[in-house]
Every structure is written in structure tokens, then in C-alpha cells.
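Take a look at the letters that make up each chain.
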Amino acid sequence: MEIVHNFLLNFRLAYRNIISAGLRTWLTITTLAFAFLLILFFNSLYTGWEYQGIRDQIDWEYADGQIIQTDYDKLDPFSIESGHSQILDQPQLTPVLIRQGNLYPQGRLLPILIKGIPADQQVVKLPTSSFLQSKDDIPAIIGDGMATDNHLKIGDKILLRWKDKNGTFDAKQITIVDIFKTNVPTVDGGQIWVDINTLWEMTGMQNEVTYHLVKGTFEDELSDQWRFEIQQELLKEFVAMVDMKKGSSAFLYIILMFIALIAIFDSQVFSVFKRQKEIGTYIALGFTKKRVTFLFTLEGTMYAFIATIIGTAISVPLITWLGVEGVDLGNQDQSRQMGVTVGEKLYPMLTSGLLFSSVFWVILLSTIVSYLPVRKIAKMNTVDALKGKK
């Protein structure tokens, strides 16, 4: 009980002392609260980007995983020619075949990828049902990025040239029957989507598949021709990129925290050198030097405690509101061309783990910085302190 009583007494004394400091206290708290708010905002923004990007890539491209032909490497266009094998006939698998071709919009040559997928698939968000609704010979769908970059629109008929399984070139008109909007550039830029049955007929590669989309769980054994990649493996490059962006932003956090902690450090130095008589009085009243040191350290910690309360009170409703309205990033052409999955708006996501970890580190660092200047109290002479000697 005595320990609790002493702690509460120290807490009341520390609170009274920092409040009595007036403007200096509130300037320090404001600086720290502003740094805390910015740290929470940017971390929430990256967390929201990561969540949104993972969700979009699963919905549009990766599903619950992919079974990929061993010879196919998505980073190596030369592997497309040989990277295919006979379809695995299982109900939870959706086949996709990739071939190379050339489009000729407005007389221009445009190298593209032709991707075939079943018209009745429901594993990804591609609007493949448009194939069934069209009466054209080769109905195709494209992304809005592809359409914008090449001035294409629904109803356009464009000459497509491709190579069949024997290496013979063929050409025919395709019709753009739908344009879909997506944040995932890897299903959009430089490619068209057609019904896989149509692509099999065009190329003569009946039942040949580059990869399968998996719906649900897959635990069957595969031959050497196939490899199974789970969502985590498919998403690891994107997650690594977001982590790299978070790491590069750490410099900003360090600068913000450094400025805020300097303010606390300065307040503590001022307290030790300007409150000598007060320190001596505490000791004369029976406070041990350790207890006085703890009291002054607690004062510095309370700056962070109050700042995090104020920062949380502002940041939680602000970030929650932005999580609904989004942060407009403007034109995303450059991000799309770089193959980065990012929407026109980012929706910050403030998790409880992020909030509590930020509060913990701000208070911990403030406590350490508060303790460093007040260590001098333990070396003070009580008589000199009462006289106000430095």
C-alpha cells in the first residue's frame, strides 16, 4: 500500500509541476502530439495500402493460389512459348493460357499478351461473362489502363495476329466487348483477355494451360510439370515493396521524434538546473534522491502520456474518417506503368496493434530521454541544493 501511495503522490506532484510550467509544457506536448499524429497517419496509410493491395491482387489475379507450369516464369517473356502443359481437370482449378500476339489499333503495332480464361469462371473479378453475351467471333475484354493508353473503347474491332502451336502466324479481328476497371496493373496493361476455348481453337493448343487459379484449398500431389504457389508466395514481392516504403519513411519518423524528444530533454535540463531549491526541499522533507529522480523522470514521461492521449483523440476519428473517404492520390498513370498495385485513393487503416505499439515506443523513448538529464540529482549535495547552488 505504501508503494502505491508513494506512486500516486509522485504522480500528483509531477502533474502539478508540468501544468504549472504553463506555455513551455503545452509547447512540448503539442510538438510531441503532432509527431505522434503524423507517425500514426503515415503508418496507417501504408497499412491500408498493404491491405487494399493484397485484397485487390487476390480478387483480380491470385485467387487462393496458383498452380504454375514449371517452365513458365512471369518475369521471362521467352518462357511463354514453352511454359504450358495439359490441363489438370479438377473442379477447384480454373485454367489460364497465355500466348503472345500483336494488336494493330489505328494501324499501330502493339505487342501484347493474349490470356485465355473460361467464360463461366467466378474465381476472379474479371467480367468474363461478357464473352457469353457477345455474338462476335472473338470477343475480348481489356482493362481501363490498356484502353486509355491505346485509345480503345467498347465495340472497337481490331486486327489481332498470333502464332499457333506449329509456329504459323494467323490474324483475325477481335471485338472489345467490355472494359474493366482495376487497381492491379498485372491483369491490365499490355494484354487482352479472351475465352480460353476460343484461344485453344485459335492456337490449336487444345487443353494446354500456363497456370491454374485455385479456389479454396489444394492438397493434392503434383507432377514435376507443375508447382503450387500459395497466396503468401505470390504476394511476397508486393509486401516486400510496402515494407521497403515503410522503412524509407522511418527517416521522417526519426526526425519528428528527435524534434519532440529534444523539447522534452530541454525541459528536463531546465528543471534540474532551475529547480535546485525545490529538489533540496524534497530531500529535506524525507524524499530519497532516487525518489526525486523518479519524480522528475515521471514529469518528462507525463509529457508523452498527455501527448499520446491528445494525439489519439485527434488521430483515431481523423484516420477513421479518411478510412471511409480515402486519400486521393490523383493521376495513377505512373504507378500503373511501373506495375504497382495502388488505387486512385488510399484508405488508411489504424489497427489496435499499430496504435498501442506507437504509444508504447513514444512513452518509452520519452522516459529514457527524461531520465538522462535528471541522473545529476543523485550526485547533488543536499545543502547546496537547498541554497540553490549549481
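Quick notes on the rules
Residues numbered from 1 in each chain as written. Predicted model: local features only at pLDDT ≥ 70, side-chain atom pairs only at ≥ 80, totals over all residues. Heavy atoms only, no water. UniProt positions renumbered as here; feature names shortened; annotations may be inferred. Helix = DSSP H or I, 4+ residues; strand = E, 2+ residues; numbered from the N terminus. Contact = heavy atoms within 4.5 Å. 1 Å grid on protein atoms, 1.4 Å probe; cavity = no way out; pocket = protein on both sides within 12 Å on 5 of 7 lines; lining within 4 Å. Points joined across faces, edges and corners; volume = space filled by probe spheres on them. Nonpolar A, V, L, I, M, F, W, Y, C, P; charged D, E, K, R; others polar. Core = buried A, V, L, I, M, F, W, Y, C linked by side-chain atoms within 4.5 Å. Buried < 20%, exposed > 50% of the residue type's maximum accessible area, 1.4 Å probe, protein only.

Participant: What exactly am I supposed to notice about the UniProt feature "transmembrane region" (unreviewed entry) in the chain here?
Facilitator: When the UniProt feature table is mapped onto this chain, "transmembrane region" (unreviewed entry) is found at residues 21-42, 250-273, 294-319 and 346-372. Annotated as 100% helix and 0% strand, the span residues 294-319 places its first and last C-alpha atoms 35 Å apart. In residues 346-372, helix accounts for 78% and strand for 4%; the two terminal C-alpha atoms are 41 Å from one another.

Participant: Sorry if this is basic, but what is going on with the environment of W200 here?
Facilitator: Tracing the sequence through the fold places W200 in helix α5 (residues 196-203). Note: C-alpha distance between W200 and L97 (103 residues apart in sequence) is 8.4 Å. Among all residues touching W200, those that are not within four sequence positions of it are I87, L97, M205, Q206, N207, E208 and V209.

Participant: Can you walk me through empty space enclosed by the protein in this structure?
Facilitator: To locate leftover empty space, one rolls a probe as large as a water molecule over the atoms. Tallied over the full model, the rule gives 1 cavity of 30 Å³ or more. Taken as a whole, the largest cavity encloses approximately 30 Å³ of empty space. Forming the walls of the largest cavity are W60, E61, V96, I117, V124, L126, W193, Y211 and L213. For the lining of the largest cavity, the secondary structure elements donating two or more residues are α2 (23-62) and β10 (211-214). For the lining of the largest cavity, a count of residues per class yields 8 nonpolar, no polar and 1 charged.

Participant: Just to check I follow, could you spell out the nonpolar core for this structure?
Facilitator: One broad trend across soluble globular proteins is that nonpolar side chains are buried collectively. Residues L32, F36, L40, W49, M257 and V362 are the most contacted members of the largest nonpolar core, which totals 32 residues. Elements with a minimum of two residues in this core: α2, α6 (231-274), α8 (289-325) and α10 (352-374). It is α2 that provides the largest number of residues to this core, a total of 11 residues. Aside from chain neighbours lying at most four places away, what touches L32 is M257, A260, I264, Y303, A304, A307, V362 and S366. Formed by 29 residues, the second largest nonpolar core is a distinct cluster that contains L97, L110, A140 and L152.

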